[in-house]
Protein chains: 2
Amino acid sequence: MTTIIRLAETASLIGDPTRAAMLYALMDGRAFTAGELAEAAGVTPQTASGHLAQLVAAGMLAVEAQGRHRYFRIASAEIGAILEGLQLVTADRIGRLPRPGPRDAALRKARICYDHLAGELGVALFAALAGAGHLRLSADGAALSDSGTALLGSLDIEVPARRRPTCRPCLDWSERRHHLAGQAGAAICTAALARGWVRRRHGSRALDVTPTGTRAFAAGFGVRLP
Amino acid sequence: MTTIIRLAETASLIGDPTRAAMLYALMDGRAFTAGELAEAAGVTPQTASGHLAQLVAAGMLAVEAQGRHRYFRIASAEIGAILEGLQLVTADRIGRLPRPGPRDAALRKARICYDHLAGELGVALFAALAGAGHLRLSADGAALSDSGTALLGSLDIEVPARRRPTCRPCLDWSERRHHLAGQAGAAICTAALARGWVRRRHGSRALDVTPTGTRAFAAGFGVRLP
DNA sequence: CCGATGCTTCGGACGAGAGCGAAACATCGA
DNA sequence: TCGATGTTTCGCTCTCGTCCGAAGCATCGG
């Protein structure tokens, strides 16, 4: 019984348009100040403050104080996965409607999912790695094989060895196939941004793959983008 | 922008305690009448009717009229996955609290997730099948290997060949590992219920594994339950 | 046909919660 | 120390949505 109540509370937190807008703005994994999130959601700072306090109390957001600013970010990859999943079912039930806006098309092509690459690019990357034997797919998820570890090493991409799974398949809401999450996914995403393989679109989670990036993904990972 | 609104609408539908209770009751994959769901949620029939209409309009529930009864069920496995995922994050943020009630323990041991086996039993089954080479794990998900098809055939478990994936890994919210969904998962679950390997607990998604079932899972699938 | 049962529609009452103005608090720069 | 900026707390209003009583449809059994 209490399970149901808690489930409803969690969903209800995401269910408010203002809070949903804030969570969505945070979906690219970066941290924003309370004021920025207030503007993103179109409400006054005091209103935003109340919502953010609720999300933090529920453990969905983490907060870090720096001077007179307070930076908020998504607390865990699981929260990000839920938000992506909700988009999946939302898109699913209205998928028949013909409204593929240009911005949505860019999102489908390549975007950031919390801290890793998603969209066509992310799925193609996952498929290429799996096809070349760089991933060991198991019942638990996925792990880098020896050749995969060597590949990332040769590309100077360092994957920190932490408790978090090195690889985790994450269901892509637009492609309905897995893309690479986990430490390895985050490391590749960081490297791709740092080396100019992909560029953030302003005010969006969408990414543009640069010509350099197209070459790098093809040569380094064997990714063939459509 | 509209994406955010839709996301919030979906979450908000799940966010109402009454609707959440109905969805939760339907999580075992069976269909219930409007009256039964009203009782399950603790509201009057007319209140339940309104909620059910909303869920159907949103595409989250499917409805089938039979005489003067109307049977409601979860519309798709994706909806079920979202509900399981919400439980996961909900359990995650309060996971430290030591409250493993007896009913929760039973749920963790074995339960039905929409139309297939989950919990320790489901995870052990998936691991056993994968370990014995009966599943081909790929980037897209999983498929029965030839030996897997043969195994199910020898056990008289028929897996219909439909559009739906024959196997699909589904993240288990209590075990945090995959269990077997898809056509094969549903077929095994149906067989397990029909042959008395597992028995439903009254008014719950929890399952009890019978002595017969323990032997059958061990002999047939090599499953070793803790 | 008729009553019984299951479900839905309509109307009004009630409460929860989102929103903002005003003011307090915290921190920075000078 | 002072004002400026970022954030939070308080008090209040107002809207939205849930809920139920009453009544209206549909379907079944006879």
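Structure's up top.
A brief structural summary.

How each quantity is defined
- Residues numbered from 1 in each chain as written.
- Chains lettered and ligands numbered in written order.
- Predicted model: local features only at pLDDT ≥ 70, side-chain atom pairs only at ≥ 80, totals over all residues.
- Heavy atoms only, no water.
- Helix = DSSP H or I, 4+ residues; strand = E, 2+ residues; numbered from the N terminus.
- Buried < 20%, exposed > 50% of the residue type's maximum accessible area, 1.4 Å probe, protein only.
- Near = heavy atom within 4 Å.
- Polar contact = N/O pair within 3.5 Å; in protein donor to acceptor, adjacent residues only side chain to side chain.
- Nonpolar A, V, L, I, M, F, W, Y, C, P; charged D, E, K, R; others polar.

## Digging into unusual backbone geometry
All names here are of chain A. Look at Asp156: it is not a glycine, yet its phi comes out positive at around 65°. Here Asp156 shows up in the loop between α8 (146–154) and β8 (168–171). On the accessibility criterion, Asp156 (63% relative accessible area) is exposed.

## Things to note about the protein's contact with DNA strand C
DNA strand C sits among 20 residues. The nearest are A:Thr18, A:Gln46, A:His51, B:Ser49 and B:Arg70. A share of 72% is what sugar and phosphate atoms reach among the atoms of DNA strand C within 4 Å of the protein. A:Arg19 places a side-chain nitrogen or oxygen 3.2 Å from a phosphate oxygen of DNA strand C. One of the side-chain nitrogen or oxygen atoms of B:Arg68 is found 3.4 Å away from a base oxygen of DNA strand C. When contributions to the surface near DNA strand C are tallied by element, the ones reaching two or more residues are α2 (17–26) and α4 (45–57) of chain A together with α3 (34–41), α4 (45–57) and β3 (69–74) of chain B. Counting residues per element, the surface near DNA strand C draws most heavily on α4(A), which supplies four residues. Across the surface near DNA strand C, the residue classes break down as three nonpolar, twelve polar and five charged.

## Focus: the protein's contact with DNA strand D
Looking at DNA strand D, there are 20 residues lining it, with A:Ser49, A:Arg70, B:Thr18, B:Gln46 and B:His51 nearest. When atoms of DNA strand D within 4 Å of the protein are split into backbone and base, the sugar-phosphate part holds 70%. Separating a phosphate oxygen of DNA strand D from a side-chain N or O atom of A:Arg70 is a distance of 2.2 Å. Residue B:Thr18 places a side-chain N or O atom 2.8 Å away from a phosphate oxygen belonging to DNA strand D. Secondary structure elements with two or more residues in the surface near DNA strand D: α3 (34–41), α4 and β3 (69–74) of chain A together with α2 (17–25) and α4 of chain B. Along the lines of polarity and charge, the residues of the surface near DNA strand D split into three nonpolar, twelve polar and five charged.

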